[in-house]
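The lines below spell out each chain.
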Amino acid sequence: MNPIDRIHGGYVFDRRVRVLSDHLAWAIPKDASVLDVGCGDGAMAKAISGRRPDLKIEGIDVLVREKTHVPVAEFDGSSIPRDDQSVDVALFVDVLHHTEDPMILLREARRVARKAIVIKDHTRNGVLAGATLRFMDWVGNARHGVALPYNYWPEMRWREAFGEFGLEAEMWRAKLGLYPGPAGWVFDRSLHFVARLAFGGGSEEELNQVNSVKNKPEA
């Protein structure tokens, strides 16, 4: 393992799971069934469940690993193997920018979800945003053989895409604090977001009543 892999795996990844799971736990409506699309080994889903025991989380991925932290089923990467409106929430954590066309999975998520879609992804906004995101993606994923189409959208394109499916970003959080200290000046900026897309069911008041979640993730 080279030095970059050691730093990323031993420090950046653990912090990312810890901090990002706080944001995601805050965004998911109460008592929801959640389908984590492209969940990997389920580490993020497990971390969210630890903060939100009221949730029932299952995952799907194109490659089901031998050991997973939550139940994971296989899917083809484009068609979500669930009936219409069969889960409360569809969850995507840094998945859509790895697809050639994010609209395909957004359409599928709109079909299977009853209450909301929760997304963590990137925005290609700001100076050298594209180059910075490519570097982060390569460091975090190249060694795992993950597809890297580098398909990053600016915030405006995300919002346009949501509107095409009748979705509204009723929660959008861009200051996530995923990286420590000076690294955050380079790798956080306006490059990340967590959004909750609504189309009926679940209110912001209900979210704020979920007392088991920290409102402010640890620095």
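That block above? That's the structure.
Residues numbered from 1 in each chain as written. Predicted model: local features only at pLDDT ≥ 70, side-chain atom pairs only at ≥ 80, totals over all residues. Heavy atoms only, no water.

A. Summary view of the packing of aromatic side chains. For the structure on display, the rule yields 5 aromatic pairs. The interplanar angle of 50 degrees and the centroid separation of 6.2 Å between the aromatic rings of Y150 and Y152 together place this pair among those described as tilted. The partly exposed category is assigned to Y150, whose relative accessible area is 22%. Residue classification places Y152 among the buried residues on the basis of a relative accessible area of 4%. (Phe/Tyr/Trp six-rings, centres within 6.5 Å; stacked < 30°, edge-to-face > 60°. Buried < 20%, exposed > 50% of the residue type's maximum accessible area, 1.4 Å probe, protein only.)

B. Inspection of the environment of F187 at higher detail. Assignment of secondary structure puts F187 in helix 6 (residues 181–187). With 51 residues separating them along the chain, F187 and M136 place their C-alpha atoms 7.9 Å apart. Beyond its immediate stretch of four places on either side in the chain, F187 contacts T132, F135, M136, Y179 and H192. (Helix = DSSP H or I, 4+ residues; strand = E, 2+ residues; numbered from the N terminus. Contact = heavy atoms within 4.5 Å.)

C. View of the nonpolar core. Within the largest apolar cluster, 35 residues are counted, with the highest numbers of intra-cluster contacts made by L20, L24, I28 and I48. Sorting the residues of this core by element identifies helix 1 (3–27), helix 2 (43–51), strand 4 (87–93), strand 5 (113–122) and helix 4 (129–141) as the ones contributing at least two each. When residues in this core are grouped by element, the largest group, 8 residues, is from helix 1. In terms of nonpolar packing, the next biggest core, distinct from the first, is built from 29 residues, L96, V112, I119 and L167 among them. (Core = buried A, V, L, I, M, F, W, Y, C linked by side-chain atoms within 4.5 Å.)

D. Looking closely at the pattern of salt bridges. Taken as a whole and assessed by the stated rule, the structure comprises 11 salt bridges. As a salt-bridge pair, E164 and R157 come within 3.7 Å of each other at their nearest N and O atoms. (Salt bridge = Lys/Arg side-chain N within 4 Å of Asp/Glu carboxyl O.)

E. Here's a closer look at the sheet that holds strand 6 (residues 168–173). In space, the 7 strands of this open sheet follow the order 3-2-1-4-5-7-6, with mixed pairing throughout. Each end of this open sheet is capped by a strand with a single partner; those strands are strand 3 (72–74) and strand 6. Put simply, the sheet's adjacent strands are angled 20 degrees from each other on average, direction ignored. Pairing geometry for strand 1 (residues 33–37) and strand 2 (residues 56–61), over 5 bridges, is parallel. In the strand pairing of strand 2, S33 is matched with K56. Contacts from helix 2 reach strand 1, strand 2 and strand 4 within the one sheet, and its direction differs from that of strand 2 by about 175 degrees. In the packing of helix 5 (residues 155–164) onto the sheet, the strands contacted are strand 5, strand 6 and strand 7 (192–198), and the crossing angle to strand 6 comes to about 150 degrees. (Pairing = 2+ DSSP bridges. Axes fitted to C-alpha atoms, helices over the stretch in contact; angles between N-to-C directions.)

F. Expanded view of unusual backbone geometry. In this structure, D31 takes a positive phi of about 55 degrees despite not being glycine. Here the phi dihedral of Y150 falls at roughly 55 degrees; this positive angle occurs in a residue that is not glycine.

G. Main features of the pairing of strand 2. A crossover connection joins strand 1 to the parallel strand 2 through helix 2; in handedness this β-α-β unit is right-handed. Across 3 bridges, the pairing between strand 2 and strand 3 is parallel. Bridge pairing in strand 3 places G59 opposite V72. (Right-handed = clockwise from strand over helix to strand, strands pointing away.)

H. Region of the structure containing the environment of D137. When you line up the elements, D137 lands in helix 4. Through-space distance from the C-alpha of D137 to that of D94 is 9.7 Å; in sequence the pair is 43 residues apart.

I. Summary view of the environment of G40. Turning to its location among the elements, G40 is positioned in the loop between strand 1 and helix 2. Residue class for G40 comes out buried when judged on its relative accessible area of 11%. Discounting residues that sit within four places of it in the chain, G40 has contacts with D61, R65, T68 and V72.

J. A look at helix 3 (residues 102–112). All buried positions along helix 3 are accounted for by P102, M103, L105, L106, E108, A109 and V112. If you follow the buried residues of helix 3, they end up packed against strand 4, strand 5 and helix 5.

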